[in-house]
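For reference, the chains in residue letters:
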Amino acid sequence: MNRSKAEASDRSKEAGADFLQLDTAEAPPGGLTDWLARRLREAVADGRLPVGARLPAGRVLAAELGVSRGVVTDAYRRLAEEGQIAGRGRGGTVVVAATAVPVTAAVVPGEVPAARPPRQAPALFRDDPDPEVFERLRGAPARIDLTPGVPDLAAFPRAAWLRAERAVLDGLAASDLGYGDVRGTPVLRRAVAHWLARNRGIRADPDEVLIVAGTAQALALLGRALGRAGIDEVAVEDPGSVGVRQHLAHWLAATPPVPVDAEGVRVDALRATGAPAVLLTPAHQFPTGVVLGGERRRELLRWAAEGGLVIEDDYDAEHRYDRPPVPALRAVLPDRVCYAGSVSKLLAPALRTGWLLVPDRLRDAVLEAKRFADLGNPVLPQLVLARLMESGDLDRHLRVLRRRHRRRRDAMIDAIRTHLPGATVHGAAAGLHLMLTLPEGCGRTDTGLAAAALAEGVKVQPLSWHARLPHSPGLVLGYAAGSVSEIAEGVAVLGRLVGGAASPRGD
């Protein structure tokens, strides 16, 4: 049987494939190979088959389409000769190059198509960052990233995670793969309760622990629960995390700022706002790095005992380098403190796993919000994390991180002393970031300095993003994710930019 007869016979089957939704009924008589090659070219050009995409094996696609294998082989050969696909042995046939296809809008005959104005990219370093600013900043190319909030991701304990994952899977019953407890798996809630007891001084029953998708979801659940309880205003630290403020503002009517000084949040100013609740980072304040002082802590607890509600974001509290971390506020006054923590600064933000403890009166509302949000976190990562906690692997990992982070913090401070001698470093020897305020007369705003640094390939955050009250210009610098040499080079760039801006004033 010749090819045209074979194609006609195959066409009579009117077969199709899930791959690219190919349907041989679209092909003209006697033109199966031309039709298939054209459809593949179109898919490569418009991005449905991006560079690196693997094509089905010839015999598989031929069987799905109900055509001879030679039709598929010939179509693949044509694209290979054009340089668009290539065979990779056991790796199969993959797309290696793409050609752009011009996209033209439909034009009514006789009409002149309107000119489309160029899309303007939003300014990155504005004084009033929008909720998308962090996604844009993460996507901005840079050779050195000194933005805060990320641990040493290269230190993620892959071997320990794999061991724990294999052990979990070996002992997993079929029923464990069904829908889990919306509060979180019992084994992880128990492990978290033990972790908090030995690391943060919090004594909690596992039934009090709610597993959430990171601190962001904890804030969302609290926002809904507080709204139902008639609380539509939560005060926030200033300077304080703009991301946290944006999350709260999405659910609540107001987030009045409360100033932070060298002892932490000003409780007198908190009282003056009249807000019934406040969100704090008392163990290591973001971004100033100060630890809530003893007298200020007692004053805050008196305010809470009188009816106030504290939302305690235990931001990077485990990372202390010169002394043990102070106990959590939740450990002292559990009936007036909502406590949120996560593994984002312990392991990786990508795990999206954290925990939330709330007073009894809010528990049902928070649990209801969690149920209708997602029916609970994925079960398998919870079981693996519980095993890491119970085996001691997470404690060992934390000890490794502390040593690495301390070396990098010391390297950043040394570099600042060398290249930015007029700048002031704030906060305790803790966490994953430090805040510095710029020397007087430097000649730049902090947003302008951040923009200039990004143009030089160095990524930082301006302090003004995190402050609504008047504050000295400064930068928030992360040191955990960069090497010592990267930190030194990045700070040197900042020093050069500040010195270049300041030099005309000295002439």
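What counts as what
- Residues numbered from 1 in each chain as written.
- Predicted model: local features only at pLDDT ≥ 70, side-chain atom pairs only at ≥ 80, totals over all residues.
- Heavy atoms only, no water.
- Helix = DSSP H or I, 4+ residues; strand = E, 2+ residues; numbered from the N terminus.
- Contact = heavy atoms within 4.5 Å.
- Core = buried A, V, L, I, M, F, W, Y, C linked by side-chain atoms within 4.5 Å.
- Buried < 20%, exposed > 50% of the residue type's maximum accessible area, 1.4 Å probe, protein only.
- 1 Å grid on protein atoms, 1.4 Å probe; cavity = no way out; pocket = protein on both sides within 12 Å on 5 of 7 lines; lining within 4 Å.
- Points joined across faces, edges and corners; volume = space filled by probe spheres on them.
- Nonpolar A, V, L, I, M, F, W, Y, C, P; charged D, E, K, R; others polar.
- Pairing = 2+ DSSP bridges.
- Axes fitted to C-alpha atoms, helices over the stretch in contact; angles between N-to-C directions.
- Parallel < 35°, antiparallel > 145°, perpendicular 65-115°, else oblique.
- Left-handed = near helix turned anticlockwise from the far one by under 90°.

Draft legend 1. Spatial organisation of the overall build of the protein. A tally of regular secondary structure across the protein gives 16 helices and 17 strands. Projected onto its principal axes, the C-alpha positions of the protein cover 95 × 70 × 50 Å. Of all intrachain contacts in the protein linking residues separated by at least 6 positions in sequence, the fraction that spans at least 24 positions is 73%.

Draft legend 2. Structural detail: the nonpolar core. Grouped together as the largest cluster of nonpolar side chains are 40 residues, with contacts concentrated most on Met412, Ile416, Leu420, Leu436, Val460 and Leu477. When residues of this core are traced back to their parent elements, those giving at least two are α5 (133-139), α14 (393-419), β14 (433-437), α15 (446-455), β17 (474-478) and α16 (484-506). Formed by 33 residues, the second largest nonpolar core is a distinct cluster that contains Ala160, Ala191, Ile202 and Leu357.

Draft legend 3. Structural view of the layout of surface pockets. Its boundaries defined by the atoms lining it, the largest pocket holds a volume of some 1300 Å³. Together, 47 residues line the largest pocket, and Phe134, Arg138, Ser241, Gly243 and Lys345 are the ones closest to its centre. Going through the elements one at a time, α5, α8 (214-228), β6 (235-238), α9 (242-251) and β11 (337-342) are the ones with two or more residues in the lining of the largest pocket. Top element by residues in the lining of the largest pocket is α9. It accounts for seven residues. Of the residues in the lining of the largest pocket, the class split is 18 nonpolar, 17 polar and twelve charged.

Draft legend 4. Structural detail: the sheet that holds strand β16 (residues 461-462). Read from one edge to the other, the open sheet built from four strands follows the order β13-β14-β17-β16, with strand pairing classed as antiparallel. The open sheet has two edge strands with one neighbour each: β13 (424-426) and β16. Here two bridges tie β16 to β17, and the two strands are oriented antiparallel to one another. Across the sheet, proline 462 pairs through a bridge with leucine 475, a residue of β17. Against the sheet, α14 engages β13, β14 and β17, with an angle of about 15° to β14.

Draft legend 5. Summary view of empty space enclosed by the protein. The full count for this structure, using the stated rule, is one cavity of 30 Å³ or more. Computed from the structure, the largest cavity encloses a volume of approximately 40 Å³. In this structure, the largest cavity is lined by Glu237, Gly264, Val265, Leu280, Thr281, Pro282, Gln285, Val290, Val291 and Leu292. Broken down by class, the residue content of the lining of the largest cavity amounts to six nonpolar, three polar and one charged.

Draft legend 6. Broad picture of the packing of helix α2 (residues 32-45) against helix α4 (residues 69-81). It is at 9 Å that the axes of α2 and α4 come closest, and there the two elements cross at 45°. On the basis of the axis angle, α2 is oblique to α4. You can see that α2 and α4 cross each other, and the crossing is right-handed. The segment α2 lies against α4, with Leu32, Thr33, Asp34, Leu36, Ala37, Leu40 and Arg41 engaging Val71, Val72, Asp74, Ala75, Tyr76, Arg78 and Leu79. Residue composition of the contact of α2 with α4, by class: nine nonpolar, one polar and four charged.

Draft legend 7. Focus on the sheet that holds strand β3 (residues 93-95). One open sheet accounts for three strands, arranged β1-β3-β2; its pairing is antiparallel. A single partner strand is all that each edge strand has here, and the edge strands are β1 (54-55) and β2 (85-87). Pairing analysis gives two bridges linking β1 to β3, with the strands arranged antiparallel. In the strand pairing of β3, leucine 55 is matched with threonine 93.

Draft legend 8. Structural context of unusual backbone geometry. Between aspartate 238 and proline 239 the backbone carries a cis peptide bond, its omega angle lying at 0°. Positionally, proline 239 belongs in the loop between β6 and α9. In this structure, proline 287 follows phenylalanine 286 across a cis peptide bond, with omega equal to 10°. Residue placement: proline 287 occurs in the loop between β9 (277-280) and α11 (294-305). Of note in this structure, leucine 20 is not a glycine but carries a positive phi near 60°. The residue leucine 20 is located in the loop between α1 (3-11) and α2 in this model. Take leucine 20: its relative accessible area is 11%, and that puts it in the buried class. One non-glycine residue, leucine 375, lies in the positive phi region at around 65°. In this fold, leucine 375 is placed in the loop between α12 (360-374) and α13 (379-391).

Shape descriptors only; they carry no functional weight alone.
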